[in-house]
Amino acid sequence: MGKGSKALRRKSDLPRYARIQSELQSRISGGTYPVGALMPTELELAEEFDTSRFTVRAALQNLTQEGFVERRQGMGTRVVSANPQVGYSQSFDSLQALFQIAIDTYMVILADAPVVLDESLARVIGGDAGKVEAGERWIRVDGVRWTAPGGRPLCYIQCYVPERFAELVPEFAEQNGPFFDLLERKSGETIMEAQQEIRAVPMPAEMARAIGLKPGAQALQLSRRYITARGILIASLNWHPAEQMVYRTRVRRRATKDD
């Protein structure tokens, strides 16, 4: 039995994933895993705690949601804070990095319905990409993204899908990952560009109620469009509570021959 398993016995009144989370959190706060350091891999932790990678992953997801660590596909788990952080932080620099964001959270679909676009909504969906006109029939999918089942709500989401993908919309409920990935795989349409806009706006009352906010709450709205050669593959409006959302991007200078 590894030292990790022995440490868990002192917290035996908690579920196993929660005991692992508590132990890892103690190591982070105590400096065993300092800020900026990479933590052991899921496999290494699973071996230390004599458990499955699924259980370890659940513990790491909770640490991510509490702001202790940042998980990036292919890059491991890095400690970003020795103290819990209020809110939710996203950081990505590629479409692939978005996969981990969707996998590490939990989406509940509330409804889907066909809509006929008016001029205002057509502009929102189409943006600079164009090819979206008033009078077109699309499908709107409403949902709430949560930290985890039984966790806390992160944002209200409205997705707009071209009518030609109507038969794929029922598959959204079982999709473990972003919807654009499902549509790209099933349609064969390759995403050539992703656009994003961020603006501060009042959150509509029905959305505020759905995620437990008071009327008049302010939102940070993320508008995203995924574009193929045929036009918009899918567009989404993500409404985050303004005081709980930190949006982080990373820009790196590429080396040139003169550097």
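Quick notes on the rules
Residue positions are given per chain, counted from 1 along the sequence in the order it is written. With the structure being a predicted model, the display of local features is reserved for residues of pLDDT at least 70 and the display and counting of side-chain atom pairs for 80 or more, all residues being used for whole-chain, interface and lining totals. No hydrogens and no water enter the side-chain calculation; it runs on all heavy atoms of the structure. Relative accessibility thresholds used throughout: buried, under 20% of the residue-type maximum; exposed, over 50%; partly exposed, between the two (1.4 Å probe, protein chains only). Helix and strand definitions here come from DSSP, where helices need a minimum of 4 consecutive H or I residues and strands a minimum of 2 consecutive E residues; each element is numbered from the N-terminal end. Pairing between strands is defined by DSSP: at least two bridges between the two strands are required. In these notes, a set of buried Ala, Val, Leu, Ile, Met, Phe, Trp, Tyr and Cys residues joined through side-chain atoms within 4.5 Å is what counts as a nonpolar core. Here, residues are in contact when the closest pair of their heavy atoms is within 4.5 Å. Salt bridges are defined by distance alone: a side-chain nitrogen of Lys or Arg within 4 Å of a carboxyl oxygen of Asp or Glu. To get an axis, a line is fitted to the C-alpha atoms, and for a helix only the part in contact is used. The angle between two axes follows their N-to-C directions and goes from 0 to 180 degrees. Here a Phe, Tyr or Trp ring, Trp counted by its six-membered ring, pairs with any other such ring whose centre lies within 6.5 Å, and the pair is stacked when the planes are under 30 degrees apart, edge-to-face when over 60, and tilted otherwise. Roughly parallel here means an angle under 35 degrees, roughly antiparallel means over 145, roughly perpendicular means 65 to 115, and every remaining angle is called oblique. Each residue gets one of three labels, nonpolar for Ala, Val, Leu, Ile, Met, Phe, Trp, Tyr, Cys and Pro, charged for Asp, Glu, Lys and Arg, and polar for the others, Gly among them. Here the arc refers to the set of directions running from the helix axis out to each C-beta atom. Any pair of N or O atoms that falls within 3.5 Å is considered a polar contact. Within protein, one atom must be able to donate a hydrogen and the other to accept it, and sequence-neighbouring residues count only if both atoms are side-chain atoms.

1. Some thoughts on the pairing of strand S1 (residues 69–72)
One face of the sheet, then the other: side chains in a regular strand alternate in exactly this way.
No. 1: The two faces of S1 match: Val69 and Arg71 on one face and Glu70 and Arg72 on the other face are all buried.
No. 2: Two strands pair when backbone bridges link them, and S1 and strand S2 (residues 76–79) are joined in this way by 4 bridges, in the antiparallel orientation. For Glu70, the partnering residue across the bridge sits in S2 and is Arg78.
No. 3: Between S1 and S2, which pair antiparallel one after the other, the connecting turn spans 3 residues, and Gly74 there sits at a positive phi close to 85°.

2. Things to note about the nonpolar core
Generally speaking, nonpolar side chains in soluble globular proteins are found buried as a group.
No. 1: Leu117, Ile125, Val132, Trp138, Met203, Ile232 and Trp239 are the most contacted members of the largest nonpolar core, which has 22 residues in total.
No. 2: For this core, the secondary structure elements donating two or more residues are helix H6 (119–126), strand S5 (137–146), strand S6 (153–162), helix H8 (205–210), strand S8 (218–228) and strand S9 (231–241).
No. 3: With residues near it in sequence (within four places) discarded, Ile125 still touches Leu117, Val132, Trp138, Tyr160, Arg225, Ile232 and Ala235.
No. 4: Membership of the second largest hydrophobic core comes to 19 residues, among which are Phe165, Leu168, Val169 and Ile191.

3. Thoughts on the pattern of salt bridges
No. 1: This model, assessed by the stated rule, comprises 13 salt bridges.
No. 2: Put simply, Glu23 and Arg27 hold a salt bridge, and the shortest N to O gap is 3.1 Å. In this pair, Glu23 and Arg27 are both assigned in helix H2 (residues 16–30), 4 residues apart and thus about one turn of the helix distant. You'll find Glu23 and Arg27 in the same group, each marked buried.

4. Digging into the sheet that holds S6
Sheets are built from strands that pair by backbone hydrogen bonding, the pairs being arranged parallel or antiparallel.
No. 1: Read from one edge to the other, the open sheet built from 6 strands follows the order S4-S5-S6-S9-S8-S7, with strand pairing classed as antiparallel. Both edges of this open sheet fall to strand S4 (106–116) and strand S7 (193–202), since each of them pairs with a single strand only. Along the sheet, successive strands turn relative to each other by an average axial angle of 15°, direction set aside.
No. 2: Here 9 bridges tie S5 to S6, and the two strands are oriented antiparallel to one another. By the bridge assignment, Asp142 is partnered in S6 with Gln158.
No. 3: Lying on the sheet, helix H7 (residues 179–187) is in contact with S4, S6, S8 and S9; it crosses S9 at an angle near 170°.

5. Some thoughts on the packing of aromatic side chains
Two aromatic rings are characterised by how far apart their centres lie and by the angle between their planes.
No. 1: Using the criterion set out here, one finds 2 aromatic pairs in the structure.
No. 2: Relative to Phe179, the ring of Phe172 lies with its centre 4.2 Å away and its plane at 10°, an arrangement referred to as stacked. Comparing Phe172 with Phe179, the two get one shared label, buried.

6. Considerations on unusual backbone geometry
No. 1: Of note in the backbone geometry, Asp50 takes a positive phi value of approximately 55° without being a glycine.
No. 2: Mapped onto the elements, Asp50 comes out in the loop between helix H3 (42–49) and helix H4 (53–65).
No. 3: With relative accessibility at 59%, the residue Asp50 sits in the exposed group.

7. Some thoughts on the packing of H3 against H4
No. 1: Where H3 contacts H4, the axes come no closer than 9 Å and their chain directions differ by 110°. When the axes of H3 and H4 are compared, the pair comes out roughly perpendicular. Within the contact between the two elements, H3 uses Glu42, Leu43, Leu45 and Ala46 and H4 uses Arg53, Val56, Arg57 and Leu60.
No. 2: Partitioning the contact of H3 with H4 into residue classes produces 5 nonpolar, no polar and 3 charged.

8. Side note on H6
No. 1: All of the buried residues in H6 are Ala122, Ile125 and Gly126. The arc that holds every buried residue of H6, seen down its axis, measures 85°, which confines them to one face.
No. 2: Contact partners of the buried residues in H6: S5, S6, S8 and S9.
No. 3: Here H6 starts with a cap whose side-chain oxygen sits 3.3 Å from the backbone nitrogen of Ser120, and that cap is Asp118.

9. Observations concerning the environment of Ser120
No. 1: For Ser120, the position within the fold is in helix H6.
No. 2: As for Ser120 and Glu133, which are separated by 13 residues in sequence, their C-alpha atoms are 9.6 Å apart.

10. Considerations on H7
No. 1: Three or more residues of H7 are buried, namely Phe179, Phe180, Asp181, Leu182 and Leu183.
No. 2: At the C-terminal side of H7, Gly188 shows a positive phi close to 80°.

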